[in-house]
Every structure is written in structure tokens, then in C-alpha cells.
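Chain by chain, the residues run as shown.
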Amino acid sequence: MGTTTAFGSMTSEEIAALSREHTFFSWSVQGAVDPIAVDHAEGVYLYTPEGKRILDFNSQLMSVNIGHGDRRVIDAITAQAMKLQYVQPAFTTEIRARLGAKLAEILPGDMDKVFFTLGGAEAIENAIKLARHASGRHKILARYRSYHGATLGAMTLTGDPRRWANEPGIVGVVRYPDTHRWGEAGPRPVAESLQGLEDVIRYEGARSIAAVFLETIVGTNGILIPPDGYIAGVREICDRHDILMVADEVMAGFGRTGRWFAVDHWDVTPDLMTMAKGLTSSYLPLGAVAMRHGIAEKFETQMFYGGLTYSSHPVSLAAALATISVYEEDGLIENAARLDPVMREHHARLAAKHPSVGATRNLGLFGIIDLVRSRDPWTPLTPFNGTSDEMKAIGKYLRDHDLYTMVPNNSIHTNPPLCITADQLAEGFDIIDGALDIADQAVQG
Ligand SMILES: Cc1ncc(COP(=O)(O)O)c(C=O)c1O
């Protein structure tokens, strides 16, 4: 069965069973996985082998920003693959020259050079290296409510519980306080968060700290949007102590928030910036670390001790350049900005109707709904790092109603592709509306 029959002849059940038998799934107890088999995808919709249509309300892993199946990117990939598939990274190619120049055009401030990796975690690993080599210092500051990837260094920087089973990690990583505490409705005052960072720098010794890492907007840990003044405040503290600021925009970058990069909302230029996901909209694997001119200049005379067989892979770079053209040609970043208030209205309507909606947040099409048993006192629908029968039932309801999104902890993510229309957005929120009746039954009092 399966491996010997013609392609396209397997059912969803057969694909899932054979995949489970011979392939490993991420972040899972293998015996509990229940994958959805997908045959093809177009725009905001996925299609199963039986032709069932599923609305992708999370752009897969907040990454298929331009939407699925765009011919322009597929053609660019095909053309590059027909011409030149691969040269090792010490060679160079026209696609590398053109993509580097294009990125320099859209990157914030004086960032004008990139090192290409295979994905987000490798971008973080190389940002750690660049920061350490450029500064000659070793300590890295990172936050608890963060995810930076599953390789060893990135996992050590990651503050969330996915780190626990992977410890011990690399040495020299120190935590500083978050903008949002778990179990509280809103952010802490900016001055308090920034003072927390100042305290850690004082106690650790500024001259031993290479860099402060942060997700500009925290992604999987809850779409935590920093209050105005925070990102600029971190920049000012880093400048004052001569510490590098590294923005992780693997998830928040490439139009998700209605600007090219989330730092653009606050007019801040970090020293290093990591990206992946929306860079190719996941059509092919690619990540990058961008650096400011001054950092790049140091490496004109200083050796960079890093490299990857697939750095600057021509076919992935072709996917990236074509993806960037799609953002521009179709005005997708403008669409995300235009739909920002529309998503906010949907969130507000659901909050007004459902007592289980404790808080909602979005910037552009980067959004989330937090569910509670009680708004006052604030009681999340799950314990920290846990789940609940209600959240499991919500996940099942969404799947049964053909909407895909992530429902970690007590939250429902709302991160559709940036090509979504207002009608398709309403279609997704109507399904979520139905699911929230389940959560309402858990509301106390
Ligand atoms: C903010 C952030 N950084 C880094 C990563 C790691 O990226 P990858 O899974 O491509 O290694 C992720 C992945 O979700 C992410 O959200």
C-alpha cells in the first residue's frame, strides 16, 4: 500500500497512518499525533486528498504570509532550479546579489548586509555568534516569555517551557524581565520593565554582556505587543551600555504587523535582526541575520567563524526574491494594515458577546484571543503550560468546522495569510464565535 501505488491514490487515513509509522512529528508524543493530510493549497485554503476545504487561519506556523500556491513564486523557484540548483556558499550567484540588495532596501535604518541560513533557529545561532564575535563578550540576555527555535543555543535563549526538557543549554544566557506577566490581563508599566532590564545589566556587568535578544512582538508565547516606549527604551539602554540589541523578527517580520518589520512601528533599528518564515512565505526553507553597517564593517577585517553548506542556497533565495515582489505587487503589507482595525472589531465583537473572552490583541494580522474562567479575578482557562477539557473541545470544534489555527494554553491564534479578504476574515471569526460557546460554559459566576 502507499509506497508502491501511484501518487495521488492514497486517502487521508492511509497517508496519516503511513506517515505515523515511519516519520517523527515535532513537539509531540508520537502515539498521540493525529495529523491532517493536505493535498494542495490555494490562497487562504488547504485541501485534503478528498477535497475538503480548510481555512488556514494561522498561515501554517505564522509563515505562509503571501498565501498558498502563488504561481509567481513557484515559477521563480522552477526557473532557478532549471538554471542552477546549487553552488557552495563561497561562490556567488546573481540571485544572491539581487536578493541581498533588495533586502538592504527594505531593512530598517542602516542595516545593509545579511547572512543567509536555513531557518529561524539557525539565524538565532548565527546572531549569537555575530554578537559574541563583534563585541568580544559572551553573555546574552533573553526573556522568559519567548521562543527562539529548537537548536541548542536558540533553545537556551527560549524562555518558555519547551526549554525545560532540553536543558542544560549553552552557557552565558541570563534572563531579564518580560513586558507581560503570565496571568495578568495587560502589560506591566514600561518604566518597570525597563528598570528590570537595567537591574540585570547592573548585576551581570555591562562589559560582560554581548547582546540583549528580544522578539519585537512575542509570537507563540501570546502575541505580546510591547507598549509604546518599550522598544525605544531597550534601544536606549543598549546604546548607553554599549550592548548590542538583537530583534528576533522570525515571526513578526515580513508584513505580518502591517509594516515590513515590527521594529518599524517604533522607528527603531536593532544591531542585528533575525528573520525566516515570511522571507519565503515558507515556499522553501530560508532564514537570515541582518546586521547594521557598523557591525558588517567589523567583519571586513575580522574572521567570521561560521558557515552552513546551504547558506545562500540559490533556489531558496529565488523563492525569497519572488515572495518580496508579491508583497509589493499585491500590496499585501498594506492589506495587513487595512485589516488591522477589521480584526480588532471582530475581536471586540466576540469579547462583547462571550464572557470567556478575557483579552484580545492584534497588530496588523498578528492576533490572539485569551480565554478565561473569570475576568475578575483574572483566571485563565488553563493553568500555566497546561491545557483543559474546554481548550481541547475548542480545538476539536475548530477542526470539525474546517478551520485550522493554533490553540496553545488558553488562547486562540488569529494569524491568517496577508492576502485574506474581509469576507474570509469574517468566515474565520464566525467559526471561532461558535467555538467560544464551549468556553462560555466554563465561566464562573
Ligand atoms: C520568534 C521566533 N524565532 C525563531 C523561531 C525558530 O524558527 P525555525 O522554526 O525556522 O527554526 C521561531 C519559530 O517559530 C520563532 O517564532
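What you are looking at is a predicted structure, and each value in this text was computed from that prediction instead of being measured. (Residues numbered from 1 in each chain as written. Predicted model: local features only at pLDDT ≥ 70, side-chain atom pairs only at ≥ 80, totals over all residues. Heavy atoms only, no water.)

**What to know about a nonpolar patch on the surface**
So, point 1. On the surface, W164, W182 and F384 cluster together to form a nonpolar patch covering roughly 330 Å² of accessible area.
So, point 2. Looking at where F384 falls in the secondary structure, it is placed in the loop between β13 (379-380) and α12 (389-400).
So, point 3. For F384, a relative accessible area of 45% translates into the label partly exposed. (Patch = residues over 30% accessible without salt bridge, like charges linked within 9 Å, V, L, I, M, F, W, Y side chains within 5 Å. Areas by Shrake-Rupley, 256 points an atom, 1.4 Å probe, with all protein chains shown as cover. Salt bridge = Lys/Arg side-chain N within 4 Å of Asp/Glu carboxyl O. Helix = DSSP H or I, 4+ residues; strand = E, 2+ residues; numbered from the N terminus. Buried < 20%, exposed > 50% of the residue type's maximum accessible area, 1.4 Å probe, protein only.)

**Thoughts on the site of the ligand**
So, point 1. The environment of the ligand is formed by G119, G120, A121, Y147, H148, G149, E215, D248, V250, M251 and K277.
So, point 2. A distance of 2.7 Å is found between an oxygen atom of the ligand and a backbone nitrogen or oxygen belonging to A121.
So, point 3. The backbone of Y147 places a nitrogen or oxygen atom 3.5 Å from a nitrogen atom of the ligand.
So, point 4. In isolation the ligand has 390 Å² of accessible area, and contact with the protein removes 80% of it.
So, point 5. For the shell around the ligand, the per-class residue count stands at 4 nonpolar, 4 polar and 3 charged. (Near = heavy atom within 4 Å. Polar contact = N/O pair within 3.5 Å; in protein donor to acceptor, adjacent residues only side chain to side chain. Nonpolar A, V, L, I, M, F, W, Y, C, P; charged D, E, K, R; others polar.)

**A look at the packing of helix α11 (residues 332-353) against helix α13 (residues 422-440)**
So, point 1. At a minimum axis distance of 10 Å, the contact between α11 and α13 shows a crossing angle of 25 degrees. In this view, α11 runs roughly parallel relative to α13, as classed from their interaxial angle. As α11 runs across α13, the sense of the crossing is right-handed. Along the contact surface, α11 presents L339, V342, M343, H346, H347, R349, L350 and K353, while α13 presents A422, L425, A426, F429, D430, I432, D433, L436 and D440. (Axes fitted to C-alpha atoms, helices over the stretch in contact; angles between N-to-C directions. Parallel < 35°, antiparallel > 145°, perpendicular 65-115°, else oblique. Left-handed = near helix turned anticlockwise from the far one by under 90°. Contact = heavy atoms within 4.5 Å.)

**Some words on the pattern of salt bridges**
So, point 1. Using the criterion set out here, one finds 31 salt bridges in the structure.
So, point 2. When the shortest N-O distance is used, the salt bridge between E184 and R181 registers 3.6 Å.
So, point 3. One salt-bridge network, in which partners are shared between bridges, spans D110, R235, D239, D271 and R292.

**Considering unusual backbone geometry**
What is expected of a backbone is that most residues other than glycine have negative phi and most peptide bonds are trans.
So, point 1. In this chain, E167 is followed by P168 through a cis amide linkage whose omega measures 0 degrees.
So, point 2. Within the secondary structure, P168 sits in the loop between α6 (152-157) and β6 (173-176).
So, point 3. Despite not being glycine, K277 has its phi angle at roughly 25 degrees, a positive value.
So, point 4. The residue K277 is located in the loop between β9 (272-275) and β10 (287-292) in this model.
So, point 5. Judged by relative accessible area, K277 falls into the partly exposed class, the value being 22%.
So, point 6. We note that D402 has phi near 65 degrees; this positive angle belongs to a residue other than glycine.
So, point 7. Looking at the element boundaries, D402 is found in the loop between α12 and β14 (403-404).

**Here we look at the sheet that holds strand β7 (residues 209-215)**
So, point 1. A sheet is described by the order of its strands in space; here 7 strands give the open sequence β4-β10-β9-β8-β7-β5-β6, paired in mixed fashion. Each having just a single partner strand, β4 (111-117) and β6 make up the two edges of the open sheet. The average angle at which neighbouring strand axes cross in this sheet is 25 degrees, direction not considered.
So, point 2. Alignment of β7 against strand β8 (residues 244-248), held across 5 bridges, turns out to be parallel. Considered in β8, the bridge of F213 is made with V246.
So, point 3. Packing of helix α7 (residues 190-204) onto the sheet brings it into contact with β5 (139-143), β6 and β7, and relative to β6 it is tilted by some 145 degrees. (Pairing = 2+ DSSP bridges.)

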